[in-house]
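Structural description and commentary
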Amino acid sequence: MAARRFLRSFQFAAQGIGTALKREQNIRFHVTAAVVVVLAGFLTGLSYMEWLIVILLIGGMIGLEMVNSAIERVVDLATSELHPLAKQAKDMAAGAVLVFAAASAIIGLLIFLPKWL
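Residues numbered from 1 in each chain as written. Predicted model: local features only at pLDDT ≥ 70, side-chain atom pairs only at ≥ 80, totals over all residues. Heavy atoms only, no water.

Right, let's get into the environment of Val75. In this fold, Val75 is placed in helix H3 (residues 48-78). Classification of Val75 by relative accessible area gives buried; the value is 14%. Once the C-alpha coordinates of Val75 and Leu85 are considered, the two residues, 10 residues apart in sequence, prove to be 9.4 Å apart. In this structure, Val75 is in contact with Ala86, Ala89 and Lys90, ignoring residues within four places of it in sequence. (Helix = DSSP H or I, 4+ residues; strand = E, 2+ residues; numbered from the N terminus. Buried < 20%, exposed > 50% of the residue type's maximum accessible area, 1.4 Å probe, protein only. Contact = heavy atoms within 4.5 Å.)

This is the structure:
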């Protein structure tokens, strides 16, 4: 019984990823960017450590974008009013995504630019 519940949790997680890919434009953008970065990584010949960093950044970016989308849905479910706290929650979640995206872009440049120049 515990094994079945454990396996079902993966099914629910997969459904969440599918929903995000189907309904969230920003996640599709990040997945497309990840494919480009992975291709560039293969063509550039990244080291093992560089691949670890790139994979962590890709996973973190997509995961954080999914958390942002989940927060937006929960806030929308909690209130249909334009409430200042609801706006702040959504804006802060979006800000977290922006901060991570900017840091990821800088790290990506630090990894790739020296190899290309």
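From this point, the discussion proceeds with the structure in view.
Moving on, we come to the packing of aromatic side chains. One pass over the full model with this rule turns up 3 aromatic pairs. Between the aromatic rings of Phe6 and Phe10, the centroid separation amounts to 5.0 Å while the plane-to-plane angle is 85°, which identifies the pairing as edge-to-face. With Phe6 and Phe10 both in helix H1 (residues 2-23) and 4 residues apart, the pair spans about one turn of that helix. (Phe/Tyr/Trp six-rings, centres within 6.5 Å; stacked < 30°, edge-to-face > 60°.)

Next up on the list: the environment of Glu50. Within the secondary structure, Glu50 is located in helix H3. Look at Glu50 and you get buried, because its relative accessible area is 15%. Sequence separation between Glu50 and Ser104 is 54 residues, and the spatial gap between their C-alpha atoms is 13 Å. Residues in contact with Glu50, not counting those within four places in the same chain, are Ile111 and Lys115. A polar side-chain atom of Glu50 sits 2.7 Å from the main-chain amide nitrogen of Ser47. (Polar contact = N/O pair within 3.5 Å; in protein donor to acceptor, adjacent residues only side chain to side chain.)

Here we take up the side chain of His30. Among the secondary structure elements, His30 is positioned in helix H2 (residues 25-44). Residue class for His30 comes out buried when judged on its relative accessible area of 14%. In this structure His30 touches Met61, Ile62, Glu65 and Val97, once residues within four positions along its chain are discounted.

What follows is about the pattern of salt bridges. If you walk through the whole model with that rule in mind, you get 4 salt bridges. When the shortest N-O distance is used, the salt bridge between Glu24 and Arg73 registers 2.7 Å. In this pair, Glu24 is assigned in the loop between H1 and H2 and Arg73 in helix H3, connecting sequence segments 49 residues apart. A relative accessible area of 14% places Glu24 in the buried class. A salt bridge links Lys115 to Glu50; the shortest N-O distance between them is 3.3 Å. Residue Lys115 is found in helix H4 (residues 84-116), and its partner Glu50 is found in helix H3; the two are separated by 65 residues along the sequence. For Lys115, a relative accessible area of 36% corresponds to the partly exposed category. (Salt bridge = Lys/Arg side-chain N within 4 Å of Asp/Glu carboxyl O.)

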